[in-house]
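Letter by letter, the chains look like this.
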Amino acid sequence: MKRNPITIATGAVLVLIFLFMLFIFQVRQTEVAVVTTFGKYSRSITNAGFQVRLPWPVQKIYKFDSRIQNFEHKFDQTITRDQINILITVFVGWRIADPKIFLESFSGSVTKAEEKLESLVRNAKSGVIGQHAFSDLISTNRAELKFDQMENEMLKAVQAQAMSAYGIQIELLGVKQLGLPESITSTVFERMKKQRQGLVAKYESEGKREAEIIRANADVQANEILAKAKAEAIRITGEAETKAAGYYAVFEKYPELAIFLFQLKALEQSLKERTHLILDQQTPPFNLLNGSGNAPSGGGSKK
Amino acid sequence: MSNDHPDSGHDHDHAHEAETPAAPSSVEDPSAQALSDALRSSFNIVKFLMGLLVAAFIVSGIFTVKPNQVAVVLRFGKPRGTGPEQLLKPGLHWALPYPIDEIVYIPVGESHTVTSTAGWYYTTPEEEASGTKPQALPYLRPGVDGYTLTGDGNITHVRATLGYRISDPLSYVFNFASTTNLLQHVLDNALFYASARFTADDALYWNRPGFQEAVLARVNEMISKLKLGAAVETSEVRVSPPLDVEQAFDAVIKAQQQGNQKVLDAEAYARGATNRAIGQASAIMRDGITTSNYLVQTVGAEAQRFTDLLPRYQSSPELFKQRLLAETMQRVLTNAQYKLFLPERADGKPRELRLQLSKEPEVPVKEKPKP
């Protein structure tokens, strides 16, 4: 009689736990679930928390990851509207939005879902790129560039079908890699090298030209400075000559003496150094050697 | 008495009989007592153990959130609490045991990095570690060498590293299967997106900050669009020309530097030429001034001399002239190197004189004209 309440309590707890395990299941925050009854769909659960169920084998629970998953499409070749081959990879962020359709389409296999997505993305990609010129994808003209727009078009194309057919919501689509075929890359390299060579020539000639201009300007400036200085010097000399002319007026008082003095001075100046003189007896004071002792007939003029 | 005996014997027997049934009752009582005692004490032990278990159960529900973490408790898979209360701050907390409650720790204090090499040339791990560049090929292998296409149709290599922190832990953990992977995709996308709108020269040299900004803007735009719950803190974007074209790029830089050098040289020349001209100009001016002063002074002095000499000349012109002439001749003849005296011929005929002038310059030969 004493043991009964404990036994009953323990038994009750055990039964409760057992029933709990049979009739209750959890859906985690990161999950969605589908409940089937005898293999037939009965309901989807998209809210986290605990849920009531009928025990196996009556009801079966399928749980899927409801988070955004990444999917990367292979690097493959596509042709633009203007017939340029490009290589492009696209990535997709997707999540299971309708677990019922997802379960029915892929029987719950993510790998199968990705296979389907792959072909969906490939079609959308080649479709959108085929409608656009290469310059829509890369351009320095911002108005012409349609990179965003093309991504959006691809997203739209994939989105509708993925939702209705597979219960998949495409949250994001973006270009992950963009390239050119191998042979084209080498032509691009050649072109880039040519461009560089052009730039080399440009910078060389520009530097040379600028240097020449600077030098020429400098020469002009230097000449100008010299010319100004010469002009100034001439002006000063001119002034001095004018002033000197004032003094010359004095000589006019007695030109004979002035001329004599000038001649004397000129004679002395011109016979200053390393002079060889050949004299005859007429020249004073050598006329003395002749014994005549006359006064000289003319001045000591030189020739 | 004899009755007494058997009586007594009976009594004895009775007593014996009475004793026999009494014996078990006296034995049963202590044993029951002992049992109930034992039960009671064991029950106490059980109660104590139960209490201990309950205590252990309560204690086992205590958990710590470290300083660089926050935590979320999922009760039956659903976050406990609402709004900001869902996030448990660092410290001690309590939760029910699994499978009722599940604790998810989120390292919000840690800085995470993600690197994109989708636009970088292929390097082996050894090359990556030592930082050496691989052999340049005249082409790029699709799927092996990463590169981006620039707006002007050129090819560049770009790589980027982002440092980020978790800014919205709930979204970061519960909405994305692999946030790091997604961020990597987003960063790849941003590199191609930014390259597509810049010229190779702008991305490489003229507008590196602009390019980096464009990458970052794109990343942030996508993060906010997706509510990724990450905040970019640092970013590093590297741009390099293709290895095969690198030399040509270097040549351009060299040509530019040489061009600049030429200009600098010319500027130095210009400064030199101007300074030289200024020097020469001042010399010319100085000469001019000196000559002028000399002219004015000498002419002035001569005029003065003339004025001084004039009265003496006037008093005896011939004598004065002869005196001055003789003085001059004296000075001239003293200075002359050779003096040849040529007497007149006795017959009075002109003498023939031949002069052979040496080639030595500056030897003036003077000859007095013959009368």
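For the structure itself, look to the data block above.
Summarised in this report is the structure supplied together with it. Because the structure is a prediction, the values reported are computed rather than measured.

Definitions and cut-offs
Residues numbered from 1 in each chain as written. Chains lettered and ligands numbered in written order. Predicted model: local features only at pLDDT ≥ 70, side-chain atom pairs only at ≥ 80, totals over all residues. Heavy atoms only, no water. Helix = DSSP H or I, 4+ residues; strand = E, 2+ residues; numbered from the N terminus. Buried < 20%, exposed > 50% of the residue type's maximum accessible area, 1.4 Å probe, protein only. Contact = heavy atoms within 4.5 Å. Areas by Shrake-Rupley, 256 points an atom, 1.4 Å probe, with all protein chains shown as cover. Buried area = accessible area lost by both parts, 1.4 Å probe. Salt bridge = Lys/Arg side-chain N within 4 Å of Asp/Glu carboxyl O. Polar contact = N/O pair within 3.5 Å; in protein donor to acceptor, adjacent residues only side chain to side chain. Nonpolar A, V, L, I, M, F, W, Y, C, P; charged D, E, K, R; others polar. Pairing = 2+ DSSP bridges. Expected span 1.5 Å × (residues − 1). Phe/Tyr/Trp six-rings, centres within 6.5 Å; stacked < 30°, edge-to-face > 60°. Lys NZ or Arg CZ within 6 Å of the ring centre and 35° of its normal. Axes fitted to C-alpha atoms, helices over the stretch in contact; angles between N-to-C directions. Core = buried A, V, L, I, M, F, W, Y, C linked by side-chain atoms within 4.5 Å. Parallel < 35°, antiparallel > 145°, perpendicular 65-115°, else oblique. Bend = angle between axes of the 7 residues up to and from the residue.

## Focus on the overall build of chain A
Part 1: Helix and strand content of chain A: seven helices and ten strands.
Part 2: A buried classification covers 39% of the 303 residues belonging to chain A.
Part 3: Sequence separation of at least 24 residues holds for 62% of the intrachain contacts in chain A that already meet a minimum separation of 6.

## Quick word on the overall build of chain B
Part 1: Regarding its fold elements, chain B presents eight helices and eleven strands.
Part 2: Going through the 371 residues of chain B one by one, you find that 35% of them count as buried.
Part 3: Taking as baseline every contact in chain B between residues at least 6 positions apart, the subset at least 24 positions apart corresponds to 73%.
Part 4: Summed over its atoms, the accessible surface of chain B is roughly 21,800 Å², and 57% of this surface lies on carbon and sulfur atoms.

## Describing unusual backbone geometry
Part 1: Positive phi values are uncommon outside glycine, yet A:Gln83 reaches one of about 60 degrees.
Part 2: Position of A:Gln83 relative to the elements: it lies in the loop between strand 7 (76-79) and strand 8 (85-96).

## Structural notes on the interface of chain B and chain A
Part 1: Contact with chain B, which involves 126 residues of that partner, is made by 111 residues of chain A.
Part 2: Surface buried jointly by chain B and chain A totals about 11,100 Å² across both partners, of which 67% is contributed by carbon and sulfur atoms.
Part 3: If you look at where chain B meets chain A, you find nine salt bridges.
Part 4: For A:Glu151, the salt bridge is made with B:Arg218, and the minimal N-O distance between the two is 2.6 Å.
Part 5: At the boundary of chain B with chain A, the tally comes to 27 residue pairs in polar contact (both at pLDDT 80 or more).
Part 6: Considering every element that reaches the side of chain B that touches chain A, the biggest residue donor is helix 7 (residues 246-315) of chain B, with 39 residues.
Part 7: Looking at the side of chain B that touches chain A residue by residue, the class counts come to 75 nonpolar, 27 polar and 24 charged.
Part 8: Pairing geometry for strand 10 (residues 276-280) of chain A and strand 10 (residues 338-342) of chain B, over five bridges, is parallel. The residue of strand 10 of chain B that forms the bridge with A:Leu279 is B:Phe341.

## Observations concerning the environment of A:Phe102
Residues and elements named next belong to chain A.
Part 1: Looking at where Phe102 falls in the secondary structure, it is placed in helix 2 (residues 99-106).
Part 2: Judged by relative accessible area, which is 0%, Phe102 ranks as buried.
Part 3: Sequence-wise, Phe102 and Phe64 are 38 residues apart; in three dimensions their C-alpha atoms are separated by 9.3 Å.

## Some words on helix 4 (residues 179-195) of chain B
Part 1: Over its 17 residues, helix 4 of chain B runs 24 Å from end to end, which matches the ideal 24 Å to within 8%, given 1.5 Å per residue.
Part 2: Most of helix 4 of chain B sits out of view: 14 of its 17 residues are buried.

## Here we look at the packing of aromatic side chains
Each aromatic ring pair is summarised here by two numbers: the centre-to-centre distance and the angle between the ring planes.
Part 1: On inspection of all chains with the given rule, the structure shows 17 aromatic pairs over all chains.
Part 2: With a centroid separation of 5.2 Å and 75 degrees between ring planes, the pair formed by A:Phe251 and A:Phe262 is classed as edge-to-face. With a gap of eleven residues between them, A:Phe251 in helix 6 (residues 182-251) and A:Phe262 in helix 7 (residues 255-270) connect regions that are remote in the sequence.
Part 3: Among the residues examined, A:Phe251 registers a relative accessible area of 6% and is labelled buried.
Part 4: Put simply, the rings of A:Phe64, A:Trp94, A:Phe102, A:Phe106 and A:Tyr166 pair up and form one aromatic cluster.
Part 5: Stacked on the ring of B:Phe249, the Lys or Arg A:Arg196 has its end atom at 4.0 Å from the ring centre.
Part 6: Positioned above the aromatic ring of B:Tyr193, the side-chain terminus of B:Arg218 is 4.0 Å from the ring centre.

## What about the sheet that holds strand 2 (residues 70-75) of chain B?
Residue and element names in this part refer to chain B.
Part 1: Pairing within the open sheet is antiparallel, and its three strands lie in the order 3-2-5. Since the sheet does not close on itself, it has two edges, and those belong to strand 3 (78-79) and strand 5 (101-106), each with one partner.
Part 2: Here strand 2 runs beside strand 5; their pairing, made up of six bridges, is antiparallel. In the strand pairing of strand 5, Val72 is matched with Val104.

## Remarks on the sheet that holds strand 5 (residues 59-65) of chain A
Either a parallel or an antiparallel arrangement is found when strands of a sheet pair, and the pairing is made through backbone hydrogen bonds.
Residues and elements named next belong to chain A.
Part 1: Strand order across the open sheet formed by three strands is 3-2-5, with antiparallel pairing between neighbours. Looking at which strands have only one partner, the edges of the open sheet turn out to be strand 3 (40-45) and strand 5. Taken pair by pair, the neighbouring strands of this sheet meet at an average axis angle of 25 degrees, ignoring direction.
Part 2: As defined by bridge partners, strand 2 (residues 31-37) adjoins strand 5 across seven bridges and the pair is classed as antiparallel. Considered in strand 5, the bridge of Thr36 is made with Lys60.
Part 3: Against the sheet, helix 2 touches strand 2, strand 3 and strand 5, its axis set at about 70 degrees to strand 2.

## Overview of the nonpolar core
Part 1: With 91 residues, the main nonpolar core has A:Trp94, A:Phe147, A:Ile168, A:Ile170, A:Leu178 and B:Phe211 as its most contacted residues.
Part 2: Top contributing element to this core by residue count: helix 4 of chain B, with nine residues.
Part 3: In this view, A:Ile170 contacts A:Val92, A:Gly93, A:Trp94, A:Leu117, A:Leu155, A:Val158, A:Gln159 and A:Ala162; residues no more than four positions away in its chain are not counted.
Part 4: Formed by 23 residues, the second largest nonpolar core is a distinct cluster that contains A:Leu279, B:Ala303, B:Phe320 and B:Leu325.

## Notes on the packing of helix 6 of chain A against helix 7 of chain B
Part 1: Taken N-terminus to C-terminus, the directions of helix 6 of chain A and helix 7 of chain B make an angle of 5 degrees; their axes are 8 Å apart at the nearest point. When the interaxial angle is binned, helix 6 of chain A and helix 7 of chain B end up roughly parallel.
Part 2: Each residue belonging to the contact of helix 6 of chain A with helix 7 of chain B can be placed in one class, and the counts come to 40 nonpolar, twelve polar and 15 charged.

## Remarks on helix 7 of chain B
Part 1: The end-to-end C-alpha distance of helix 7 of chain B, which contains 70 residues, comes to 102 Å, matching closely the 104 Å that a straight helix rising 1.5 Å per residue would cover.
Part 2: At B:Leu309, helix 7 of chain B shows its strongest bend, of approximately 35 degrees, with the proline B:Pro311 following within four residues.

## Regarding the side chain of A:His73
Residue and element names in this part refer to chain A.
Part 1: By the secondary structure assignment, His73 is in the loop between strand 6 (69-72) and strand 7.
Part 2: Among the polar contacts listed, one links the side chain of His73 to the side chain of Glu118, at a separation of 2.9 Å.
Part 3: At 2.7 Å, the side chain of His73 forms a polar contact with the side chain of Lys125.
Part 4: Excluding its chain neighbours within four sequence positions, the residues that come into contact with His73 are Ile88, Thr89, Val90, Glu118, Val121, Arg122 and Lys125.

## Some details on the pattern of salt bridges
Residues and elements named next belong to chain A.
Part 1: For the structure on display, the rule yields 26 salt bridges over all chains.
Part 2: Residue Asp65 is joined to Arg67 by a salt bridge in which the shortest nitrogen-to-oxygen separation is 3.0 Å.
Part 3: Taken together, the salt bridges that share partners define one network made up of Asp76, Glu118, Arg122 and Lys125.

## Regarding the packing of helix 5 (residues 147-166) of chain A against helix 4 of chain B
Two packed helices can be described by the angle between their axes and the distance between those axes.
Part 1: For the pair helix 5 of chain A and helix 4 of chain B, the least separation of the axes is 10 Å and the interaxial angle reads 135 degrees. One element, helix 5 of chain A, and the other, helix 4 of chain B, form an angle in the oblique class. Residues A:Phe147, A:Asp148 and A:Glu151 of helix 5 of chain A touch helix 4 of chain B, and the partners they reach there are B:Asn189, B:Phe192 and B:Tyr193.
Part 2: A per-class count over the contact of helix 5 of chain A with helix 4 of chain B returns three nonpolar, one polar and two charged.

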